[in-house]
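# A look at the structure
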Amino acid sequence: MARELGLDRRTVGKYARAHTWQEVMRRPPRKPSTLDPYLDYLQQRWDEGQRSAKILHEELQTKGYLGHYQRVKMAVAPLRRGLPLDEPRERPPSPREAARWITTHPHRRNLHINDRLPRLLDHCPELRQTHDLVRRFAAMLDNQDAIPLPDWLNDLAHSGLAPLVGLAGAFREDQDAVAQGITTPYNSGVNEGRITDVKLQKRLMAGRADVPLLRHRVVLIAHLRRRYTDLPTDPGR
């Protein structure tokens, strides 16, 4: 067969062993969509007999879906032909994405993250341990309660994860300041912002201006920051 068709023997063997045509199709991974968290619901409603893409779209809107009707229509098209939903092939999250998922408050995570994060933690005990420690520290900040801090530091130091063990040592060197940071509303954020402004202006104007102009720009940006910070907050926004 390989000689007759002019194909590689391994290619012919792959086709010969395939039980369905899907096994030999090479499809590029579909990009994630805002509809992905609702695919299970779409499948459930289709199985229950709902065939109207318009009604399905309206139902999804009540559940928080903000996408267009056409996306729902395209998603159910395979079901009309007796094929399964075109589900995306998930790629593993990057370390930065995983860190953002863990540090984001659970109430502020979207449905996609709430679906993927538990599965990610189930596959990595070290990451689950890190997640639990991070959320415990976040709870101390939310409640402005430093009483659990010593026990938390002990768990951090005995976690067996080198970065967390090092963090525990750094916190213990200045534990009183950490406790003050947890229990009081004061922080150095404003000062850090001013320092960032000064560094930014220095980099932008390096070699282009002398000290008087740099000073003028730094004072101006501080004035603008104060002006916009003092604006009244619109409750409707």
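Predicted model, so just to flag it, every value in this text is computed and none were measured.

## Notes on the overall build of the protein
- For the protein, the helix and strand inventory stands at 13 helices and zero strands.
- Ordered by position from the N terminus, the helices and strands of the protein form the series α-α-α-α-α-α-α-α-α-α-α-α-α.
- For the protein, the residues scored as buried account for 26% of the 237 residues in total.
- Contacts spanning at least 24 positions in sequence make up 46% of the contacts within the protein whose residues lie at least 6 apart.
- Carbon together with sulfur atoms contributes 55% to the accessible area of the protein, which is approximately 17900 Å² in total.

## What about the pattern of salt bridges?
- Applying the stated criterion to the full structure yields six salt bridges.
- The partner of Arg-10 in a salt bridge is Asp-8, and the shortest N-O contact between them spans 3.3 Å.
- Exposure remark for Arg-10: the relative accessible area of 71% places this residue in the exposed category.
- Among the residues examined, Asp-8 registers a relative accessible area of 38% and is labelled partly exposed.
- Between Asp-155 and Arg-136 there is a salt bridge, with the nearest N and O atoms lying 2.9 Å from each other. Separated by 19 residues along the polypeptide, Asp-155 in helix α9 (residues 149-157) and Arg-136 in helix α8 (residues 125-143) bring together distant segments of the chain.
- On the basis of relative accessibility, which here comes to 35%, the residue Asp-155 falls in the partly exposed class.
- The exposure class of Arg-136 is partly exposed, given its relative accessible area of 34%.
- It is possible to trace a salt-bridge network through shared partners that takes in Arg-45, Glu-48 and Glu-59.

## Considering helix α7 (residues 111-122)
- With twelve residues, α7 should reach 16 Å at 1.5 Å per residue; the first-to-last C-alpha distance of 18 Å fits that figure.
- When α7 is considered as a whole, its buried residues turn out to be Ile-113, Arg-116, Leu-117 and Leu-121. Angular distribution of buried residues about the axis of α7 spans 130°; they occupy a single face of the element.
- For α7, the N-terminal capping position is held by Asn-110, with its side-chain oxygen 2.8 Å away from the main-chain nitrogen of Ile-113.

## Structural notes on a nonpolar patch on the surface
- Together, Met-1, Leu-5 and Leu-7 make up a nonpolar patch on the protein surface, roughly 360 Å² of accessible area in all.
- Looking at Leu-5, the relative accessible area reads 54%, which means it is exposed.

## Structural notes on the environment of Leu-117
- Tracing the backbone shows Leu-117 in helix α7.
- Along the chain, Leu-117 and Ala-98 lie 19 residues apart, while their C-alpha atoms are 8.0 Å from each other.
- Apart from the residues lying within four places of it in its own chain, the contact partners of Leu-117 are Trp-101, Ile-102, Arg-109 and His-131.

The rules behind each value
- Residues numbered from 1 in each chain as written.
- Predicted model: local features only at pLDDT ≥ 70, side-chain atom pairs only at ≥ 80, totals over all residues.
- Heavy atoms only, no water.
- Helix = DSSP H or I, 4+ residues; strand = E, 2+ residues; numbered from the N terminus.
- Buried < 20%, exposed > 50% of the residue type's maximum accessible area, 1.4 Å probe, protein only.
- Contact = heavy atoms within 4.5 Å.
- Areas by Shrake-Rupley, 256 points an atom, 1.4 Å probe, with all protein chains shown as cover.
- Salt bridge = Lys/Arg side-chain N within 4 Å of Asp/Glu carboxyl O.
- Expected span 1.5 Å × (residues − 1).
- Arc of directions from axis to C-beta.
- Polar contact = N/O pair within 3.5 Å; in protein donor to acceptor, adjacent residues only side chain to side chain.
- Patch = residues over 30% accessible without salt bridge, like charges linked within 9 Å, V, L, I, M, F, W, Y side chains within 5 Å.

Scope: geometric values only; no functional claims are made or implied.
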